[in-house]
Amino acid sequence: MRFILFVLLFFSFAYALGLVLVNNTDIEVNLLFSQAPAMNLGLLLIICLTLGVVIGLLLALLIFRVFQNKWEISRLQKENKKLQEQLTQANVVIDRQANAPTIDEAVYGTTANTSVNTSQVKDTTMLSKQRRD
């Protein structure tokens, strides 16, 4: 790869040197708001070519960055949609578990009575004492 880059650099330098040698006439450049001093036409062509390449590369990098940001946004939107679907599925599972019958309901058909009546406790203790005797 370095060899190819070196060859391309060599040919571009040779081309620029050829432009300067072939176009050796002096020319004045009007920059609309000012007048540049007379310069070699070949040198002017090289400057314009270099500025065009630099501006083109900067614009290409800017456009590539815009496309890269668009790709990143679309990837994140897809990931966000996937996570939203997972969240809704998890909420459905939690709702099913919350509404699922307890073991007592499934087995006995009744709900579990968590409040204990004190008379029931006394009755069970009396029964257990009577069984011991």
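That block above? That's the structure.
The following paragraphs examine the structure supplied in this document. (Residues numbered from 1 in each chain as written. Predicted model: local features only at pLDDT ≥ 70, side-chain atom pairs only at ≥ 80, totals over all residues. Heavy atoms only, no water.)

Side chains of L43, I47, L51, I55, L59, L62 and V66 sit close together on the surface and give an oily, nonpolar patch of about 610 Å² of accessible area. Following the sequence through the fold, L51 ends up in helix α2 (residues 41-99). (Patch = residues over 30% accessible without salt bridge, like charges linked within 9 Å, V, L, I, M, F, W, Y side chains within 5 Å. Areas by Shrake-Rupley, 256 points an atom, 1.4 Å probe, with all protein chains shown as cover. Salt bridge = Lys/Arg side-chain N within 4 Å of Asp/Glu carboxyl O. Helix = DSSP H or I, 4+ residues; strand = E, 2+ residues; numbered from the N terminus.)

What follows covers α2. With 59 residues, α2 extends 86 Å from end C-alpha to end C-alpha; this agrees with the ideal 87 Å at 1.5 Å per step. When α2 is considered as a whole, its buried residues turn out to be G42, L44 and I46. In this structure, the buried residues of α2 make contact with α1 (2-22), β1 (26-30) and β2 (35-40). If you check the start of α2, you find a side-chain oxygen 3.1 Å away from the backbone N of G42, and it comes from N40. (Expected span 1.5 Å × (residues − 1). Buried < 20%, exposed > 50% of the residue type's maximum accessible area, 1.4 Å probe, protein only. Contact = heavy atoms within 4.5 Å. Polar contact = N/O pair within 3.5 Å; in protein donor to acceptor, adjacent residues only side chain to side chain.)

Turning our attention to the pairing of β1. Pairing geometry for β1 and β2, over four bridges, is antiparallel. Among the inter-strand pairings, N30 is bridged to a residue of β2, identified as Q35. Between β1 and the antiparallel strand that follows it, β2, lie four residues; L32 among them carries a positive phi value of about 65°. (Pairing = 2+ DSSP bridges.)

All right, on to α1 then. In this model, α1 (21 residues) spans 30 Å end to end at C-alpha, consistent with the 30 Å of a helix rising 1.5 Å per residue. Burial analysis of α1 places just two of its 21 residues in the buried class, which makes it a mostly uncovered element.

A word on the pattern of salt bridges. One pass over the structure, following the stated rule, counts two salt bridges. The salt bridge involving E72 is made with R75; its shortest N-O contact spans 2.7 Å. In this pair, E72 and R75 both sit in helix α2, three residues apart, roughly one turn of the helix. For R75, a relative accessible area of 42% corresponds to the partly exposed category. One connected set of salt bridges, linked through shared partners, spans E72, R75 and E79.

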